[in-house]
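# Coordinate analysis (summary)
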Amino acid sequence: MSAETPLRTSTAEIQADNLDVASQWRLMWLKFKRHRLAVISAVVLVIVYSVGLFAEFLAPNDPHENNRRVVHAPPQRIRFIGEDGFSLRPFVYGYKSEVDPYTLRRSYVPDPDQVNYLKFFVKGHPYKFLGLWETDIHLFGVEDGTFFPLGTDRLGRCVFSRIVYGTRVSTSIGLIGVFLSLLLGIIIGGFSGYYGGIVDTLVQRLIEFLRSVPTIPLWMALSAALPRNWTPIQVYMGITVILSFIGWTGLARVVRSKFLALREEDFVMAANLLGASRLRIIFRHMVPSFMSHIIASVTLSIPSMILGETSLSFLGLGLRAPVISWGVLLQEAQNVRTIALTPWLLAPGFMVIITILAFNFVGDGLRDAADPYVR
Amino acid sequence: MTRVLRVKDLEVCFATTEGTVQVLDGVSFDIRKGEVLGVVGESGCGKSVTALSTLGLLGSKGKITNGEITLYQDDGEVELSKLDPSGPMIRKIRGKEISMIFQEPMTSFSPVYTIGNQIMEVIRHHQGLSKKAAREAAVEMLGKVRIPHPEQRIDAYPHQLSGGMRQRAMIAMALSCRPRILIADEPTTALDVTIQAQILRLMRQLKDEMDTSIMLITHNLGVIGEMADRVVVMYMGRIVESLPVKRLFEESLHPYTQALLTSLPVLGSKKRNERKRLASIKGMVPDISRVPPGCPFHPRCDRFMDGLCNVHKPRPVQISPDHEVSCLLYSEVAKDAG
Amino acid sequence: MQGRVLLEVQGLKKYFPITSGFFRRTVGHVRAVDDVSFTIRQGETLGLVGESGCGKTTVGRCILRAIKPTAGKVYYHADNGAIDITALQDDSLRAMRRQMQLIFQDPYSSLNPRMTVREIVGEPLLIHGVKDRQERDARVRELLKQVGIRPEYMNRYPHAFSGGQRQRIGIARALALDPSFIVCDETVSALDVSIQAQILNLLQDLQEKLNLTYLFIAHDLSVVEHISDRVAVMYVGRIVEVADTVELFSNPRHPYTEALLAAVPRASATADKDEILLEGEVPDPANPPQGCHFHPRCKYATDICKRERPELSEVSGDSDHAAACHFASQLSLRGVS
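This one's a predicted model, so the numbers in the text were calculated from it and none came from an experiment. (Residues numbered from 1 in each chain as written. Chains lettered and ligands numbered in written order. Predicted model: local features only at pLDDT ≥ 70, side-chain atom pairs only at ≥ 80, totals over all residues. Heavy atoms only, no water.)

Tallying the contact residues gives 35 residues for chain A and 33 residues for chain C. In total, chain A and chain C occlude about 3000 Å² of area from one another, counting both sides; carbon and sulfur atoms represent 56% of this. Put simply, chain A and chain C have 2 salt bridges between them. With a shortest N-O distance of 3.0 Å, Glu119 of chain C and Arg284 of chain A are connected by a salt bridge. The tally of links from chain A across to chain C stands at 13 residue pairs in polar contact (both at pLDDT 80 or more). If you list the elements that add at least two residues to the side of chain A that touches chain C, you get helix 1 (11–20), helix 2 (24–33), helix 6 (197–212), helix 9 (266–273) and helix 10 (278–314) of chain A. Per-element accounting of the side of chain A that touches chain C gives the leading share, 7 residues, to helix 9 of chain A. (Contact = heavy atoms within 4.5 Å. Buried area = accessible area lost by both parts, 1.4 Å probe. Salt bridge = Lys/Arg side-chain N within 4 Å of Asp/Glu carboxyl O. Polar contact = N/O pair within 3.5 Å; in protein donor to acceptor, adjacent residues only side chain to side chain. Helix = DSSP H or I, 4+ residues; strand = E, 2+ residues; numbered from the N terminus.)

This is the structure in structure tokens:
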């Protein structure tokens with residue numbers, strides 16, 4: 001009998017044994033893990049969202065605080081080597097303002113006389129940590145002098161701190177917008193795919209119509225319709241609704257095509273022949289089968305939400321000051337002069353690029369892993 | 001009879017995510033001029049890999065690690081396993097000396113060109129004919145494979161033809177340069193039985209007409225019985241037995257061959273209304289990455305000898321001039337006799 | 001094998017509409033099943049053979065009400081009288097499903113890859129009211145043992161099993177509710193030869209032990225011959241011949257059956273086989289030939305075959321042998337044996 005039940009000895013065999021009882025999500029994780037770029041991007045996204053979550057703690061300065069004396073100041077470089085030689089503790093030089101004798105333009109240069117050491121957990125402007133308790137501890141900063149790691153804008157506000165705060169709004173608008181699209185997409189797409197026939201035809205034509213409308217003018221029209229006297233929060237919600245108004249069509253198509261494909265699967269017919277109810281077939285057999293695909297598509301559609309918000313705000317039609325988002329920040333960099341003289345104002349753009357790329361890579365990885373049963 | 005192809009001690013490995021897997025282990029056989037060599041075995045036994053390696057079509061993951069594949073031409077020999085799989089030498093051989101037809105002709109034709117275009121391309125590539133002459137040759141070929149109205153059908157796209165007609169067109173393309181060897185990989189598996197019969201008859205007729213040798217890969221022993229002259233039986237990347245088809249059904253010696261034959265219901269064998277059981281092979285084919293030691297068939301074999309079959313790899317034993325068996329039952333006998 | 005009739009199919013039709021255009025207007029019908037009648041007796045296996053597109057799968061699905069037939073009746077003769085399956089509505093249909101099950105062709109797509117074997121085989125029990133988990137598990141164990149899968153494997157997912165094993169799991173699921181009638185739709189055609197024999201033997205053993213009745217749909221004639229007690233041959237939506245297996249294979253009365261048998265590749269093929277081989281291809285079921293659908297390919301066809309559709313009627317001298325050919329009694333056709 002020993003010949004029939006060989007002892008599993010090698011690690012490969014034991015691993016195979018574990019795979020036999022591995023669920024869909026575990027198999028997906030194993031497959032996703034092999035996609036290097038996606039894993040790295042996932043880490044990047046976790047960092048980006050943590051930045052959004054802990055914005056007050058991570059921002060060294062108050063993003064709304066004006067510093068009339070250092071307008072359009074360049075980034076302060078973090079240094080280890082100064083005039084006194086090497087220092088283990090990083091520091092920045094303060095600003096010294098200079099006026100160009102010919103153009104009379106004011107500019108700021110590092111002043112080696114003012115040495116401000118960077119410290120962890122320094123006291124700064126007060127805030128409520130996660131909205132729970134009052135504190136004034138920040139992760140890093142300087143105790144005396146100024147610290148603008150990415151320079152200042154036209155009102156002397158800290159660009160770095162503003163990007164950190166903007167992360168919260170820009171990334172969350174993607175999530176909420178996608179959530180709304182998903183809701184619409186699953187309901188409408190599911191209807192279309194499950195009932196088929198004339199319902200399906202009508203929904204498909206509607207989707208095609210919506211997709212053929214040029215997005216920017218539609219957004220512009222819709223956001224122009226938002227009342228001017230709305231509070232920033234209301235505008236924020238309004239914008240997400242506008243974004244998801246278009247966004248649901250893509251997801252509805254995915255849901256519908258999955259429904260149509262799954263309706264023909266043998267195992268769905270098997271459940272039907274066993275007398276399973278409609279609800280059971282949908283929620284026990286069909287939904288789990290396309291959930292992973294939906295998650296992948298959702299990941300891939302978040303970037304368009306973020307870009308949508310950025311474009312709208314950049315055009316001055318989306319969020320408005322005092323709300324801070326990447327789009328609002330980029331409004332500052334609308335002309336060539338900015339790019340020439342104060343390139344640090346473009347930094348929010350890099351955040352947008354990094355986030356969008358990361359979402360796309362993660363989405364790619366998820367899509368590849370979404371069906372771990374491919375033979 | 002003269003040899004046209006000789007495969008000797010062929011070993012092929014594939015790179016997978018779990019590591020290297022050896023899919024062929026010491027495969028040796030000859031194909032002679034004008035004969036049909038049947039290759040049978042269950043899925044995963046390596047019969048298709050054998051065919052692909054002769055054409056250098058293993059892809060980037062597969063590699064010939066040992067052995068020789070020799071093509072005998074009128075003016076000398078070519079060692080196919082040494083040729084660069086994407087080089088000009090093997091491309092001259094593919095389609096001209098050795099051509100191949102597949103199970104599903106839909107996937108082997110490009111859907112965006114007419115079948116005539118694709119057949120003409122092969123003819124022009126290998127024979128350097130003018131466009132007009134190539135078209136004439138293609139029409140003639142389509143007529144040869146009994147496609148009605150070939151001068152019209154030559155302009156049809158693959159999806160406009162039925163499965164049977166597509167397979168005929170595929171055969172026309174494969175035979176358009178009168179290759180020495182035609183490799184047919186499950187050529188009728190996707191077809192209905194009446195269409196299958198038509199295609200098999202066509203292949204038989206064309207083989208005689210063009211004096212082509214055929215390597216016929218199939219899992220269907222009926223097709224082998226009807227078509228082949230000799231047969232090699234494969235199991236887990238090895239040839240377990242090779243013998244003339246005439247002897248296959250009565251005189252096969254390897255337990256796997258015998259079991260394969262008895263597990264198959266035979267048409268017309270039912271004499272009374274009664275229920276019979278089939279003799280089945282126990283268990284299933286192991287994963288190719290976990291080939292059992294010794295004889296790979298030993299865990300499923302009824303005549304398993306402990307201490308021998310699970311230890312020693314059987315070597316081919318010559319039973320008669322055309323009959324070889326790789327089984328320790330017979331090598332013991334051979335040893336005792338010698 | 002003269003049991004009582006369990007299933008009676010009368011005049012079954014299934015037409016699929018062909019639609020085109022923006023508003024999906026119906027421009028024609030594919031007559032997948034066109035007036036099919038037959039009976040299956042308790043405890044027997046009726047083989048249903050034919051080439052692809054002949055409608056054999058649709059017949060099976062109509063009987064199981066996986067799709068609703070266009071016309072016709074399917075009577076299930078229970079102990080307390082006949083039930084017309086085509087007329088059943090929601091609840092009574094659900095109750096009826098306990099009696100009739102399907103075993104699929106493709107062992108890969110027929111099992112939900114996201115459920116464990118325990119869930120797959122236990123699902124019919126759960127649906128039909130076995131709420132107690134332990135009771136369900138005990139039954140699942142018993143079923144798995146019955147089909148030759150080790151019960152310890154019940155926590156595994158389908159991807160851990162080979163094609164043959166998956167087919168066994170599919171059989172276990174079909175048996176969970178103790179059905180009396182099972183449709184096997186090409187159940188062994190995707191399997192390797194050695195596994196095919198195992199599954200055929202399993203089906204036979206289960207039939208004996210559980211007193212099952214099978215409708216065995218297949219295109220492989222030797223498999224059908226092996227497992228069936230009676231065989232029906234279909235061509236373009238109609239049954240052309242039905243008879244006891246031995247009778248049909250040794251003494252066919254329809255020219256199509258003769259040609260089908262001759263086409264099977266065999267080692268002992270006779271030299272005159274080529275004479276019987278069919279030319280041409282199966283006609284399009286959306287637009288079949290007039291009269292006898294087979295006449296354009298039939299070498300015995302005369303004028304009447306082009307005009308009049310032959311009814312499926314008893315061949316003289318044998319009440320169990322029927323053929324749909326104008327010349328069923330005159331022709332002397334060759335069988336295999």
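Read on, since the account is not over.
Turning to the domain arrangement of chain A, a few remarks are in order. All names here are of chain A. Per the domain assignment, the segments making up chain A are domain 1 (57–157) and domain 2 (162–369). One C-alpha centre belongs to domain 1, the other to domain 2, and the line joining them spans 37 Å. Facing the 17 residues of domain 1 at the interface are 13 residues of domain 2. When the buried surface of domain 1 facing domain 2 is broken down by residue, Pro63, His72 and Leu150 rank first, second and third, together holding 36% of it. For the pair domain 1 and domain 2, the number of links is 3 salt bridges. Counting the contacts that link domain 1 with domain 2 gives 4 residue pairs in polar contact (both at pLDDT 80 or more). (Domains from an automatic or database assignment.)

The subject of this paragraph is the interface of chain C and chain B. Between chain C and chain B, the residue contacts involve 50 residues of the former and 45 residues of the latter. For the pairing of chain C and chain B, the buried interface totals around 3900 Å² over both sides, and the portion due to carbon and sulfur atoms is 52%. On the chain C side of the contact with chain B, Val193, Pro265 and Glu281 of chain C bury the most area, a combined 16% of that side's loss. Along the contact surface separating chain C from chain B lie 3 salt bridges. Residue Arg275 of chain B pairs with Asp229 of chain C through a salt bridge whose shortest N-O separation is 2.7 Å. In this assembly, chain C and chain B are joined by 23 residue pairs in polar contact (both at pLDDT 80 or more). If you list the elements that add at least two residues to the side of chain C that touches chain B, you get helix 6 (193–210), helix 7 (221–227), helix 8 (245–250), helix 9 (255–263) and helix 10 (273–276) of chain C. With 11 residues, the single largest contributor to the side of chain C that touches chain B is helix 6 of chain C.

Here we come to the domain arrangement of chain C. Residue and element names in this part refer to chain C. Along its sequence, chain C is carved into domain 1 (5–113 + 178–323) and domain 2 (114–177). Inter-centroid distance (C-alpha atoms) of domain 1 to domain 2 is 29 Å. Contact with domain 1, which involves 27 residues of that partner, is made by 23 residues of domain 2. Between domain 1 and domain 2, the buried area comes to about 2300 Å², and carbon and sulfur atoms account for 61% of it. When the buried area of domain 1 at its contact with domain 2 is split by residue, Arg98, Leu111 and Pro113 rank highest and sum to 26% of it. The tally of links from domain 1 across to domain 2 stands at 1 salt bridge. A salt bridge links Arg139 to Asp178; the shortest N-O distance between them is 3.7 Å. Counting every contact that joins domain 1 to domain 2 gives 9 residue pairs in polar contact (both at pLDDT 80 or more).

Further remarks concern the sheet that holds strand 2 (residues 25–41) of chain C. Residues and elements named next belong to chain C. The 4 strands are arranged 2-1-4-5 in an open sheet whose pairing can be described as antiparallel. The open sheet is flanked by strand 2 and strand 5 (81–84), the only strands paired with a single partner. The sheet shows a mean angle of 25° between the axes of neighbouring strands, direction not considered. In this sheet, strand 4 (residues 71–78) lies alongside strand 1 (residues 5–20) in antiparallel orientation, the contact comprising 5 bridges. Paired with Leu7 across the two strands is Tyr76, which belongs to strand 4. Along the sheet, helix 1 (residues 56–63) contacts strand 1, strand 2 and strand 4; its crossing angle with strand 1, the most-contacted strand, is approximately 115°. (Pairing = 2+ DSSP bridges. Axes fitted to C-alpha atoms, helices over the stretch in contact; angles between N-to-C directions.)

So, on to the pairing of strand 1 of chain C. A regular strand carries its side chains on alternate faces of the sheet. In this structure, strand 1 of chain C lies alongside strand 2 of chain C, joined through 13 bridges in antiparallel fashion. Paired with Thr19 of chain C across the two strands is Thr26 of chain C, which belongs to strand 2 of chain C.

All right, on to unusual backbone geometry then. A positive phi angle, close to 50°, is found at Asp9 of chain B, a residue other than glycine. Looking at the secondary structure, you find Asp9 of chain B in strand 1 (residues 3–16). We note that Asp178 of chain C has phi near 55°; this positive angle belongs to a residue other than glycine. Its location among the elements puts Asp178 of chain C in the loop between helix 5 (163–175) and strand 7 (181–185).

For the rest of this paragraph, the subject is the side chain of Thr257 of chain B. With respect to the helices and strands, Thr257 of chain B occurs in helix 11 (residues 255–262). Residue contacts for Thr257 of chain B: discarding those within four places in its chain leaves Val233, Val240, Glu241, Leu248 and Ser252 of chain B.

Moving on to the nonpolar core. By size, the foremost hydrophobic cluster in this structure holds 76 residues, and its most contacted members are Ile171, Leu203, Phe216 and Leu221 of chain C. In terms of residue count, helix 6 of chain C provides more of this core than any other element does, 7 residues in total. The residues touching Leu221 of chain C, leaving out its near neighbours within four places in the chain, are Val193 and Leu267 of chain B together with Val49, Phe249, Leu260, Leu261 and Val264 of chain C. Counting 68 residues, the second-largest nonpolar core is a separate cluster that includes Phe57, Leu58, Leu251 and Val298 of chain A. (Core = buried A, V, L, I, M, F, W, Y, C linked by side-chain atoms within 4.5 Å. Buried < 20%, exposed > 50% of the residue type's maximum accessible area, 1.4 Å probe, protein only.)

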